[in-house]
6 protein chains.
Amino acid sequence: MPYIHLRLAGELSREQKKQIVEEFTATMERVANKPREYVIVNIEETKEENWGWGGAMLDEV
Amino acid sequence: MPYIHLRLAGELSREQKKQIVEEFTATMERVANKPREYVIVNIEETKEENWGWGGAMLDEV
Amino acid sequence: MPYIHLRLAGELSREQKKQIVEEFTATMERVANKPREYVIVNIEETKEENWGWGGAMLDEV
Amino acid sequence: MPYIHLRLAGELSREQKKQIVEEFTATMERVANKPREYVIVNIEETKEENWGWGGAMLDEV
Amino acid sequence: MPYIHLRLAGELSREQKKQIVEEFTATMERVANKPREYVIVNIEETKEENWGWGGAMLDEV
Amino acid sequence: MPYIHLRLAGELSREQKKQIVEEFTATMERVANKPREYVIVNIEETKEENWGWGGAMLDEV
């Protein structure tokens, strides 16, 4: 039951999301021996201005 | 201090959210003996196209 | 694809976990009309000393 | 690699976000001895009606 | 700033973790055009008995 | 209802946890105008070997 949560700044196209889901799932199947029907991926697209890194706002770095 | 995070594809009506909060809280109180004033529920409604399952996009399954 | 993550201070018996899984799943099925085979519950048991509330440590409140 | 996720009901101004990022990062650096370039902060602004507390909806409390 | 959180039932060897980190990072770089030095992966290994699926405990399915 | 989840590699002393809880709470109160009795902090201490950054394992960087 691997649950993968990807949180990133900005947006992805549907094509990118699909590719990410396929590749993450393939990695879990091949490397961790998890049946693919158990692998769940959730993508969370967020605003850049909601991230800080090293004490600064990500969109000002 | 039970913190319950529900992440789901799609949206819920206010009535559904209210009912879920009530039932989850009642479960924690009755089954886990937690005082209800400590139980927090947070609901996150997400787009279906942001989920993958078994390597496929949830809205194509 | 409802994914429910319960994070709480302390531990639960297997019987309690089982009951929580059953009740949370039933709530999602009945209230949110989600097929039960899509409902995932994950329970995270944590140390009390890793929680703060209102600025104080939970185990000192 | 401290990763701080702040989830709150309502919205914050950019100025507030910036201040929070600065202070959380400073705390991690000073108290936990973590290099500031490793400290990541992510802020998630959510609707009040998606929170329950003590069995009631947060916006009805 | 993609942050990937993998939560799974059971444990992984160090070699598996390393391979997963490499592959997830490569996917983010190639598919989402994210600089690899921004990609963070966190793996959380959990007990099987803390998962429910479809209303049953994962280790009884 | 600000909920702050801090996930970090390594462990903290009780004194450090207490100080972090106090400072994070004070920041939320002063900067975001949140009543302190609503501020929850949860600290998750994890193994260094469960983190990847830039495609490498954190404990090999």
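Because the structure is predicted, anything quoted here is derived from the model rather than measured.

Burial within strand β1 (residues 3-9) of chain F is extensive, with 7 of its 7 residues counted as buried. Of the two faces of β1 of chain F, the one lined by Tyr3, His5, Arg7 and Ala9 of chain F and the one lined by Ile4, Leu6 and Leu8 of chain F are each fully buried. Sheet topology places strand β1 (residues 3-9) of chain D next to β1 of chain F; 5 bridges connect them, and they run antiparallel. Bridge pairing in β1 of chain F places Ile4 of chain D opposite Leu6 of chain F. Bridging between β1 of chain F and strand β2 (residues 40-46) of chain F involves 7 bridges; their strand directions are parallel. Counterpart to Arg7 of chain F in the pairing with β2 of chain F is Glu44 of chain F. Tracing the backbone out of β1 of chain F, into helix α1 (residues 14-32) of chain F and back to the parallel element β2 of chain F gives a crossover that is right-handed.

To continue, consider the pattern of salt bridges. Per the counting criterion, the structure on display carries 66 salt bridges over all chains. In this structure, Asp59 of chain B engages Arg14 of chain A in a salt bridge whose closest nitrogen and oxygen atoms are separated by 2.8 Å. One end of the pair, Asp59 of chain B, is in the segment after β4 (56-57); the other, Arg14 of chain A, is in helix α1 (residues 14-32), on a second chain. Overall, the relative accessible area of 34% leaves Asp59 of chain B in the partly exposed class. Looking at Arg14 of chain A, the relative accessible area reads 28%, which means it is partly exposed. Among the salt bridges present, the one from Lys17 of chain E reaches Glu45 of chain E, with a minimum N-O distance of 3.2 Å. Linking Lys17 of chain E in helix α1 (residues 14-32) with Glu45 of chain E in strand β2 (residues 40-46), this pair joins segments that are 28 residues apart in sequence. Through salt bridges with shared partners, a single network forms among Arg14, Lys17, Lys18 and Glu45 of chain A together with Lys47, Glu49, Asp59 and Glu60 of chain B.

With that settled, the discussion passes to the relation of the copies chain A and chain E. Between the two chain copies there is a screw-like relation: a rotation about an axis and a shift along it. The two copies are related by a screw motion: chain A maps onto chain E through a turn of 180 degrees and a shift of 0.0 Å along the axis, at an RMSD of 0.0 Å. The superposition of one copy onto the other is thereby described by a two-fold rotation axis. The rotation axis passes nearest to the C-alpha of His5 of chain A in chain A, at a distance of 2.6 Å. A shared binding surface is used by both copies, with 100% of the interface residues of chain A retained as interface residues in chain E.

A word on empty space enclosed by the protein. According to the stated counting rule, one finds 1 cavity of 30 Å³ or more in the structure shown. Estimates place the volume of the largest cavity at around 240 Å³. Lining the largest cavity are 18 residues, and of these Arg7 of chain A, Arg7 of chain B, Arg7 of chain D, Arg7 of chain E together with Arg7 of chain F sit closest to its centre. At the level of secondary structure, the elements contributing two or more residues to the lining of the largest cavity comprise β1 (3-9) of chain A, β1 (3-9) of chain B, β1 (3-9) of chain C, β1 of chain D, β1 (3-9) of chain E together with β1 of chain F. Partitioning the lining of the largest cavity into residue classes produces 6 nonpolar, 6 polar and 6 charged.

Taken together, the contact between chain A and chain E spans 27 residues of the former and 27 residues of the latter. Along the contact surface separating chain A from chain E lie 2 salt bridges. Inspection of the chain A/chain E interface yields 11 residue pairs in polar contact (both at pLDDT 80 or more). Where the side of chain A that touches chain E is concerned, the elements lending two or more residues are β1, α1 and β3 (51-53) of chain A. It is α1 of chain A that contributes the most residues to the side of chain A that touches chain E, 10 residues altogether.

How each quantity is defined
Residues numbered from 1 in each chain as written. Chains lettered and ligands numbered in written order. Predicted model: local features only at pLDDT ≥ 70, side-chain atom pairs only at ≥ 80, totals over all residues. Heavy atoms only, no water. Buried < 20%, exposed > 50% of the residue type's maximum accessible area, 1.4 Å probe, protein only. Helix = DSSP H or I, 4+ residues; strand = E, 2+ residues; numbered from the N terminus. Pairing = 2+ DSSP bridges. Right-handed = clockwise from strand over helix to strand, strands pointing away. Salt bridge = Lys/Arg side-chain N within 4 Å of Asp/Glu carboxyl O. Least-squares fit on C-alpha atoms with pLDDT ≥ 70 in both. Contact = heavy atoms within 4.5 Å. 1 Å grid on protein atoms, 1.4 Å probe; cavity = no way out; pocket = protein on both sides within 12 Å on 5 of 7 lines; lining within 4 Å. Points joined across faces, edges and corners; volume = space filled by probe spheres on them. Nonpolar A, V, L, I, M, F, W, Y, C, P; charged D, E, K, R; others polar. Polar contact = N/O pair within 3.5 Å; in protein donor to acceptor, adjacent residues only side chain to side chain.

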